[in-house]
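For reference, the chains in residue letters:
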Amino acid sequence: MRTQHNPFVRGVRYLCYLLAVVGLIALMTVSALTVIDAVLRRYFAGSIDGLSDVLEWCIVVAVSACFPAMLWRKNAITVRVLGTILPWRVREALDLLGDLLLLAVIATVAWQLTLYTRDVWRYGDVTMLMGWPKWPMWVMTSAIWNFAVLVQTVMTARQTTRLLAPRELPPVNHVETL
């Protein structure tokens, strides 16, 4: 399926990779702050006040931000024991079943995160040390996971196209460029 010229698919792919960069920056921030805090504790008998609150924000967003790109690149663990034995259409049908199950799991996580975010906002939860409201972090996280549902829906549609193709298509395990 050629989708390089489809602006919607290009936009989804671009946003996936942009979120992955955000996740990388958040993880690098966690690492840098942890090293700085360790040096301060070791050599200056001090620490960064409220570090656990900052790390809480960064870690949740970093982990969530990596999921859309993982889904887009189909980097989930796949076991293809029967892939070489079965006909290609059966293999594509099994891949579609896996994509549908993954979509169900991602949608359930996104739904539960959205409900949790609503509760965090409703009850005014704040971080333990600095007293920052938690809802902005969870709104970002919920938005990312709901975007991941869209990404997995696109990937499931692509797999459906592969299943319904008149002939076997080449493997999808290539890296697409922006």
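Read on for an overview of the structure. Everything numeric in this text was worked out from a predicted model, so none of it was measured.

Here G124 lies in the loop between helix 3 (88–123) and helix 4 (135–164). For the pair formed by G124 and W135, sequence separation is 11 residues and the distance between their alpha carbons is 7.7 Å.

Let's shift gears to the nonpolar core. In terms of nonpolar packing, the biggest core is built from 26 residues, with V12, C16, W72, I106, W138, F147 and V151 touching the most fellow members. Taken together, the elements giving at least two residues each to this core come down to helix 1 (7–44), helix 2 (51–72), helix 3 and helix 4. Sorting elements by how many residues they give to this core places helix 4 first, with 10 residues. Contacts of F147, omitting those with residues within four sequence positions, involve V12, L15, C16, L19 and P68.

This part covers the environment of G23. Checked against the element boundaries, G23 lands in helix 1. Under the relative-accessibility criterion, G23 is labelled buried at 0%. Placed 14 residues apart in sequence, G23 and V9 show a C-alpha to C-alpha distance of 21 Å. Not counting the four nearest positions on each side in its chain, G23 is found in contact with A62, A65 and C66.

Let's shift gears to helix 2. In a regular helix each residue adds 1.5 Å, so 22 residues correspond to 32 Å; helix 2 covers 33 Å between its end C-alpha atoms and thus fits that length. Just downstream of helix 2 lies K74, where phi reads positive at about 55 degrees.

Turning our eyes to something else, we now look at the packing of helix 1 against helix 2. For any two helices packed against each other, one specifies the crossing angle of their axes together with the interaxial distance. For the pair helix 1 and helix 2, interaxial distance at closest approach is 7 Å and the crossing angle is 150 degrees. Compared by their axis directions, helix 1 and helix 2 come out roughly antiparallel. Handedness of the crossing formed by helix 1 with helix 2: left-handed.

This part covers the layout of surface pockets. Counted as a void, the largest pocket has a volume near 760 Å³. Taken together, 29 residues line the largest pocket, and the ones lying closest to its centre are K74, T78, V79, R80 and D95. Of all the secondary structure elements, the ones that give two or more residues to the lining of the largest pocket are helix 3 and helix 4. By residue class, the composition of the lining of the largest pocket is 13 nonpolar, seven polar and nine charged.

On to helix 3. In an α-helix, one full turn covers 3.6 residues, which means residues spaced three or four apart are oriented alike. In this model helix 3 runs 52 Å from its N-terminal to its C-terminal C-alpha over 36 residues, within 8% of the 52 Å that 1.5 Å per residue would give. When we look at burial in helix 3, the residues that qualify are W88, R91, E92, D95, L96, D99, L103, I106, A110, L113, T117 and V120. For helix 3, the secondary structure elements touched by its buried residues are helix 2 and helix 4. The positive-phi residue at the C-terminal boundary of helix 3 is G124, with phi of around 65 degrees.

Cut-offs used in this document
- Residues numbered from 1 in each chain as written.
- Predicted model: local features only at pLDDT ≥ 70, side-chain atom pairs only at ≥ 80, totals over all residues.
- Heavy atoms only, no water.
- Helix = DSSP H or I, 4+ residues; strand = E, 2+ residues; numbered from the N terminus.
- Core = buried A, V, L, I, M, F, W, Y, C linked by side-chain atoms within 4.5 Å.
- Buried < 20%, exposed > 50% of the residue type's maximum accessible area, 1.4 Å probe, protein only.
- Contact = heavy atoms within 4.5 Å.
- Expected span 1.5 Å × (residues − 1).
- Axes fitted to C-alpha atoms, helices over the stretch in contact; angles between N-to-C directions.
- Parallel < 35°, antiparallel > 145°, perpendicular 65-115°, else oblique.
- Left-handed = near helix turned anticlockwise from the far one by under 90°.
- 1 Å grid on protein atoms, 1.4 Å probe; cavity = no way out; pocket = protein on both sides within 12 Å on 5 of 7 lines; lining within 4 Å.
- Points joined across faces, edges and corners; volume = space filled by probe spheres on them.
- Nonpolar A, V, L, I, M, F, W, Y, C, P; charged D, E, K, R; others polar.

The analysis is restricted to geometry; functional conclusions fall outside its scope.
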